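Report on the structure
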Amino acid sequence: MKKILLVFFSLLLITCLNAQTLPATYTKTSIVTGLQYPSDFDWLPDGRYIVTQKGGVSSTTSNATIKIFKSDGSTIGTFYDLTDSVNANGEHGLHGIAVDPDFNANHYVYAYYTYILKSKNIKAFRLVRFTEASNVGTNPTLIFNHIYTSSNTNHVGGIIRFRPSEPKKLYIQIGELAYEQTNPTNNYANKLTNPYGKILRINTDGTIPTDNPFYDDGKPLTGNDDRIWSYGHRNSFGMC
């Protein structure tokens, strides 16, 4: 049986991975090229690739787009352009992407990004759901929105995943916004009253599962943040 190893080159790993020597039994093939600050990817059931581009690393965001490719790696085009609303400064940006397990029936694709409305200086972690139609994201629907005020530019997390046994639940990683660096006594990641330094678990419509381990009143801003699945993390960026 042929074994295939798919390697995704993120902006932080390009140098390290290029320096590696593959075992003699492996062959390296470039499938998708020409990406600008790629952060995450997923497959559609028919083999098409869908990839997020972070949007740069400065306060001037560019090319914060979701790209879509054929199974052979050839470009189809832009699935959706979020450049006008993404904050890409530092580690912020357009990050997570996840295809709904029931895609063949609903054509849903989910994306996580750090939102900014510069005119009012509003920043938020957002999860938006698109409906794929002819290789384009349509009907953007906001299903998760958490406004924050930190001026730190790192530790924002950003990977989203489905658990195979729970096709109606989404897991969201959020970093602790480097709060522990600026004020170690805050200990945000270990507090259940906020989403920072956590993995959150929500239903695909944005509601909160009542069987979450720290669920109390169903209101994230009072008592526990009911969406928390696990806590005490620094800056998770990847899960399986």
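Our subject is the structure that appears above.
Residues numbered from 1 in each chain as written. Predicted model: local features only at pLDDT ≥ 70, side-chain atom pairs only at ≥ 80, totals over all residues. Heavy atoms only, no water.

**Digging into the packing of aromatic side chains**
Applicable threshold: Stacked, tilted and edge-to-face are the three classes assigned to paired rings of Phe, Tyr and Trp, where Trp is represented by its six-membered ring and a pair needs centres within 6.5 Å; plane angles under 30 degrees give stacked, over 60 edge-to-face, the rest tilted. The helix and strand labels rest on DSSP assignments: H or I over at least four residues marks a helix, E over at least two residues marks a strand, and numbering proceeds from the N terminus. With a 1.4 Å probe rolled over the protein chains alone, any residue whose accessible area is under 20% of its type maximum counts as buried; one over 50% counts as exposed, and the rest are partly exposed. Working rule: Lys NZ or Arg CZ, within 6 Å of ring centre, within 35 degrees of ring normal, means a charge sits over the ring.
Per the stated rule, a full pass over the model turns up eleven aromatic pairs. Pairing Phe79 with Phe130 gives two aromatic rings, centres 5.9 Å apart and planes at 90°, and the pair type is edge-to-face. On the criterion of sequence distance, the pair formed by Phe79 in strand β4 (residues 75-81) and Phe130 in strand β7 (residues 122-133) is long-range, its members being 51 residues apart. Exposure remark for Phe79: the relative accessible area of 1% places this residue in the buried category. Phe130 sits in the buried class, given a relative accessible area of 0%. Where Phe214 meets Tyr231, the ring centres are 5.4 Å apart and the plane angle is 80°; that geometry is what we call edge-to-face. In this pair, Phe214 is assigned in the loop between β11 (198-203) and β12 (228-231) and Tyr231 in strand β12, connecting sequence segments 17 residues apart. Taken together, the aromatic side chains of Phe41, Trp43 and Tyr49 make up a single cluster linked through ring pairs. Across from the ring centre of Tyr108, 4.3 Å away, lies the NZ or CZ of Arg129, which sits over that ring. Lys191 extends its terminal NZ or CZ atom over the ring of Tyr188, reaching a point 5.9 Å from the ring centre.

**What to know about the nonpolar core**
Grouped burial of nonpolar side chains is what soluble globular proteins tend to show. This is how the line gets drawn: Residues belong to one nonpolar core when they are buried, are Ala, Val, Leu, Ile, Met, Phe, Trp, Tyr or Cys, and are joined through side-chain atoms within 4.5 Å.
Ranked by internal contacts, the top residues of the largest apolar core, which has 21 residues, are Phe125, Leu127, Phe144, Ile160, Leu170, Ile172 and Ile174. At the level of secondary structure, the elements contributing two or more residues to this core comprise β6 (108-117), β7, β8 (136-148), β9 (160-163), β10 (166-174) and β11. In terms of nonpolar packing, the next biggest core, distinct from the first, is built from 20 residues, Leu44, Ala88, Val128 and Phe130 among them.

By themselves, these are just geometric observations and shouldn't be taken as functional.
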